[in-house]
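Structural overview
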Amino acid sequence: MEDVILEYIRSEYFDEDDDEDVELDANTPLISSGIVDSFSMVSLKRFLEKKYDISVPDAEASAEAFDTVASIVQLVQRHQGGA
Amino acid sequence: MAYPSSIREAHSSQLADIRGQGLYKEERYIHSPQSANIQVEYPPGAALKSVVNLCANNYLGLSSHPDVIQAAHAALDERGYGLSSVRFICGTQDIHRELEAALSTFLGTEDTILFPSCMDANAGVFEAFLGVEDVIISDRLVHASIVDGIRLCKAVTDTYKHANMKHLKQKLEEHQDKQVRLIVTDGVFSMDGDMAPLDEICSLADDYDAMVFVDDSHATGFIGKTGRGTPEHFGVLGRIDVITTTLGKALGGAAGGCVSGRNEVVELCRQRARPYLFSNTMAPPLVAGALKVLEILSGSTARRDKLEENTRFWRRGLTDAGFVVKQGESPIVPVMLYNAKLSQDMARDLFAEGIYVIGFFFPVVPQGQARIRTQLSADHDIPLLEKALESFKRVGEKHGILGLDKKGIIEKFGM
């Protein structure tokens, strides 16, 4: 799951020319570092919901919960568990 | 007084952090009118230094134009200094409506509403005509004032990769369930100097039933053959639903901004846009100065033609000298340095050479994208730019970056 989300972040947010040197792993801050803009969290949330067949309430789709791939994985797993 | 020492210390510590991160912004005191050559006191208390100004938004050199100053003087005498009112109480003079009409004619739009600044126009416009059932899809590099305006609006938000039409198309497809889809972009991007491909954006808007919003603050007056801005450049005059722009850059540089576009959107701003409803009207001298600017620009393209010539010379000169320059056609010409410290060191060395430029780095530009942004003006001339170019070459040589590409600069200085 981690690799799938990392790949989504790379394809959705990285620019081939400008971002080739930007490092990204599960603990890289996404929103606070400016890699992911908070305006597009709706797309990220939609991707997760569709891909993992879950429903994330808007209140839980916070900048904090989405700030690293590791925290996103936790969020998805919590909802997959029926939370 | 409820400002105890603990709070004072906390604030001081925040300021120390800003300094520690190298993000502290300092003002440089200018002792002359805005121009190609200015007298600068920097650091505070230092003797005045005459420098070439390569960082003003004075694209057309109209900030200190004698006819503009004269028009402002006349309005000061005839209409007063200020109106002590918002527009809808007792702050609208005939000249305010005259300026709104002149802007509509110049921009080729249905109607226009003035704001105290374009920051205010962008802060108020989205909330005035969009709601929860709508979506705003914005370019990821739009100006901070647009970001703030979008935050104040209840519409769903989404973004697309900078100027990436494939990505925008995908986002438009994703949001077909919304009532209004508004594509939001800058006309010319302030930090990169490139233009949004408005012809392609308008085609996508047609295909996917979307409205188009353009902030043309860094284009109005000089981009396009007659200076009507990026819609003229891309042949889409009349197809942009909402344009915001400023009077604080090329159009005299004093203050003021506007929303220009579809009648109903402008009218909704007049009824609902909070920065319009709750801030003071534009002062008469500023209104009259802007009217004179539009008169000058409607009569001749000489200034924007000269700016275009200066821009071509400068872009070619920097590129031939071996700098990495962001490609484009606008008079915003970023010299890419990637490393934040290098951008500050070079700006300092250039100031010592008599060249006034500013180095920008994260968070003003993305991480690892530090640069010196140079901006041309019709007030510059080729001999002046030749001298400035020599200074750039000397400083570039000192830091050993001439001829290095992005990879080379990053290898030498880090990101």
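None of the values given here were measured: they were computed from a predicted structure.

To continue, consider the overall build of chain B. Of regular secondary structure, chain B possesses 16 helices and 14 strands. The C-alpha radius of gyration of chain B comes to 22 Å, within 12% of the 22 Å expected for a compact globule of 415 residues. Put simply, 69% of the contacts in chain B that link residues at least 6 apart link residues at least 24 apart. Of the accessible surface of chain B, which amounts to about 17800 Å², a share of 52% is contributed by carbon and sulfur atoms. Positive and negative side-chain charges of chain B, numbering 44 and 53 respectively, have mean locations separated by a distance of 5 Å.

All names here are of chain B. Looking at the element boundaries, S377 is found in the loop between β14 (370-375) and α15 (382-398). Of the polar contacts made by the side chain of S377, one reaches the backbone oxygen of N58; its length is 2.8 Å. Not counting residues within four places of it along the chain, the set of residues in contact with S377 comprises N58, Y59, G61, L307 and N310.

Further remarks concern the sheet that holds β14 of chain B. Residue and element names in this part refer to chain B. Taken in spatial order, the three strands line up as β11-β14-β13 in an open sheet, and their pairing is antiparallel. Edge positions in the sheet fall to β11 (332-338) and β13 (358-360), since each of these pairs with one other strand and no more. For this sheet the average axis-to-axis angle between neighbouring strands, irrespective of direction, equals 30°. Of the pairings in the sheet, the one linking β11 to β14 comprises six bridges and is antiparallel in character. Opposite P334, over in β14, you have R373 as the bridge partner. Set on the sheet, helix α13 (residues 302-321) makes contact with β11 and β14; between it and β11 the angle comes to about 20°.

A few words on unusual backbone geometry. In this structure, the amide linkage connecting Y42 of chain B to the following residue, P43 of chain B, adopts the cis form with an omega of -5°. Tracing the sequence through the fold places P43 of chain B in the loop between β2 (37-41) and β3 (49-53). Cis peptide bonds are those with omega within 30 degrees of zero, and the linkage from F362 of chain B to P363 of chain B qualifies with 10°. Looking at the element boundaries, P363 of chain B is found in the loop between β13 and β14. Although it is not a glycine, D53 of chain A sits at a positive phi angle of roughly 55°. With respect to the helices and strands, D53 of chain A occurs in the loop between α2 (41-52) and α3 (69-80). Unlike most non-glycine residues, A163 of chain B shows phi in positive territory, near 55°. Counting through the fold element by element, A163 of chain B comes out in the loop between β6 (156-160) and α7 (165-174).

About the cut-offs
- Residues numbered from 1 in each chain as written.
- Chains lettered and ligands numbered in written order.
- Predicted model: local features only at pLDDT ≥ 70, side-chain atom pairs only at ≥ 80, totals over all residues.
- Heavy atoms only, no water.
- Helix = DSSP H or I, 4+ residues; strand = E, 2+ residues; numbered from the N terminus.
- Rg over C-alpha atoms; globule rule 2.2 N^0.38 Å.
- Contact = heavy atoms within 4.5 Å.
- Areas by Shrake-Rupley, 256 points an atom, 1.4 Å probe, with all protein chains shown as cover.
- Lys, Arg positive; Asp, Glu negative; His and termini not counted.
- Charge placed at Lys NZ, Arg CZ, Asp CG, Glu CD.
- Polar contact = N/O pair within 3.5 Å; in protein donor to acceptor, adjacent residues only side chain to side chain.
- Pairing = 2+ DSSP bridges.
- Axes fitted to C-alpha atoms, helices over the stretch in contact; angles between N-to-C directions.

Keep in mind these values describe shape, not function.
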